[in-house]
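# Structural overview
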Amino acid sequence: DLYKQAIADATYTSAPIVVRAAKKLGLNGWNELKKQLKSEIEYLYASNEIDASIPFVITDSFVDIANYIAKLEYETINDTLSLISHDLIYKIMSLLRNTKDIDIYIDGNYSFLADEFAKKMRIIDYNVNCALIGNDDYLLATKSDSKHCAIIISYFADNERIYKLCDKLKAKKIKIIAVTSLTENDLLKHADCIVHMSSRELRYTKIGEFSSSTSLKLILDIIYGCIFSTDYEKNLNTRIVVSKEIDNLEIDEESC
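Here's what I pulled together on the structure shown here. (Residues numbered from 1 in each chain as written. Predicted model: local features only at pLDDT ≥ 70, side-chain atom pairs only at ≥ 80, totals over all residues. Heavy atoms only, no water.)

Once that is clear, we can look at the overall build of the protein chain. The helix and strand tally for the protein chain stands at 11 helices and five strands. C-alpha extents for the protein chain along the principal axes are approximately 70 × 55 × 35 Å. Of the contacts formed within the protein chain by residues at least 6 apart in sequence, a portion of 69% connects residues at least 24 apart. Carbon and sulfur atoms make up 55% of the accessible area of the protein chain, which totals about 14800 Å². The distance from the centre of the 31 positive side-chain charges to the centre of the 39 negative ones in the protein chain is 9 Å. (Helix = DSSP H or I, 4+ residues; strand = E, 2+ residues; numbered from the N terminus. Contact = heavy atoms within 4.5 Å. Areas by Shrake-Rupley, 256 points an atom, 1.4 Å probe, with all protein chains shown as cover. Lys, Arg positive; Asp, Glu negative; His and termini not counted. Charge placed at Lys NZ, Arg CZ, Asp CG, Glu CD.)

In structure tokens, the structure reads:
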């Protein structure tokens, strides 16, 4: 196979090593790897006008940069929605609606989005805890039990610590929702439910996490919105009461 040999030549290996690498990734062999590669390449170069990794270049004006980033966010939102089905939303809700304890384990530069989600959920009486993978993740997992539901957020999910974390959670019979890219990884094998982020950013050759941040924010907003809707009037009233109390405290603080 010419493609197999081309990969071997490009990586300074051999065709048998390419096959062994495919099996190490959990695939049956070269044919399945070729199919996955073809699918990912078609997805990466689908009809999107803006490069998610490098949306603007050195010669672009400030106005051009503003327009390109806005266009990228628009494309990312549409791409993310295309990856979210009716059945997927109901599966997420089936895992979250019967628990008040949600643990978010987050990898990378998205902790501010998890914190924002957790804050909104706490207002409507959900106990949401966040831990960075590689920091307090083991502590949070140790303090959790089967009544909790875990959300693991990692774009590439190729961190050995993530797999150990998953083993810990599964041993405690904690359900796992994985939020990750379309790239094949072991997190997908551990998860009870998989939500794919828009996955057109490259690991190293990128200016920033413009696309993945937009995609993750949309996913978390959708989850929050759906949970909110399950007891709409109560949650709306709770938000109003809490917001008023916070405003009154801030007014009192300013008057001191």
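Let us now look at unusual backbone geometry. When glycine is set aside, most residues are seen to have a negative phi, and most peptide bonds are trans. Despite not being glycine, alanine 157 shows a phi value in the positive range, around 50°. Mapped onto the elements, alanine 157 comes out in the loop between β3 (149-153) and α8 (160-171). The phi torsion at lysine 173 lies on the positive side, around 60°, for a residue other than glycine. Locating lysine 173 in the fold gives a position in the loop between α8 and β4 (175-180).

The subject of this paragraph is the packing of aromatic side chains. In total, this model carries four aromatic pairs according to the counting rule given. The interplanar angle of 85° and the centroid separation of 4.8 Å between the aromatic rings of tyrosine 155 and phenylalanine 156 together place this pair among those described as edge-to-face. Aromatic rings pair up to connect Tyr224, Phe228 and Tyr232 into one cluster. Residue placement shows lysine 120 over the ring face of tyrosine 224; its charged tip is 5.0 Å from the ring centre. (Phe/Tyr/Trp six-rings, centres within 6.5 Å; stacked < 30°, edge-to-face > 60°. Lys NZ or Arg CZ within 6 Å of the ring centre and 35° of its normal.)

Turning our attention to helix α2 (residues 15-24). Those residues of α2 lying buried are Ala15, Val18 and Ala22. In an axial view of α2, the angular spread of the buried residues amounts to 55°, which keeps them on one side of the axis. In α2, the exposed residues that point more than 90 degrees away from the buried face are Arg20, Lys23 and Lys24. (Buried < 20%, exposed > 50% of the residue type's maximum accessible area, 1.4 Å probe, protein only. Arc of directions from axis to C-beta.)

As a further point, take the pattern of salt bridges. Following the criterion strictly, the structure yields 10 salt bridges and no others. Residues aspartate 79 and arginine 200 are paired through a salt bridge, measuring 2.6 Å at the closest nitrogen-oxygen approach. Note that aspartate 79 is positioned in helix α4 (residues 62-82) and arginine 200 in the loop between β5 (193-196) and α10 (210-229), a separation of 121 residues in sequence. The same class applies to aspartate 79 and to arginine 200, which are both buried. Lysine 206 is the salt-bridge partner of glutamate 201, the closest N and O atoms lying 3.6 Å from each other. Glutamate 201 sits in the buried class, given a relative accessible area of 4%. Its relative accessible area of 21% is what places lysine 206 among the partly exposed residues. (Salt bridge = Lys/Arg side-chain N within 4 Å of Asp/Glu carboxyl O.)

What follows covers the environment of serine 111. Along the chain, serine 111 turns up in helix α6 (residues 111-123). Separated by 21 residues in sequence, serine 111 and leucine 132 place their C-alpha atoms 7.3 Å apart. Setting aside its immediate chain neighbours within four residues, serine 111 contacts Ile106 and Leu132.

Below, the discussion takes up the nonpolar core. Counting residues in hydrophobic clusters, the biggest one holds 35 residues, and the most contacted among them are Met121 and Ile177. Elements that contribute at least two residues to this core include exactly α5 (86-96), β1 (101-106), α6, β3, β4, β5 and α10. The next biggest cluster of nonpolar side chains, apart from the first, holds 18 residues, and it includes Leu140, Ala150, Ile162 and Ile176. (Core = buried A, V, L, I, M, F, W, Y, C linked by side-chain atoms within 4.5 Å.)

It is worth spelling out the packing of α6 against α10 at this point. In a packed pair of helices, the relevant descriptors are the angle between the two axes and the axis-to-axis distance. Between α6 and α10, whose axes approach to 10 Å, the crossing angle comes to 10°. By the angle class used here, α6 and α10 are roughly parallel. Counting all contacts with α6, which are made through Leu113, Ala114, Glu116, Phe117, Lys120 and Met121, the residues of α10 involved are Ser213, Leu216, Lys217, Leu220, Asp221, Ile223, Tyr224 and Ile227. Here the residues of the contact of α6 with α10 sort into nine nonpolar, one polar and four charged. (Axes fitted to C-alpha atoms, helices over the stretch in contact; angles between N-to-C directions. Parallel < 35°, antiparallel > 145°, perpendicular 65-115°, else oblique. Nonpolar A, V, L, I, M, F, W, Y, C, P; charged D, E, K, R; others polar.)

These figures come from the coordinates and say nothing about function on their own.
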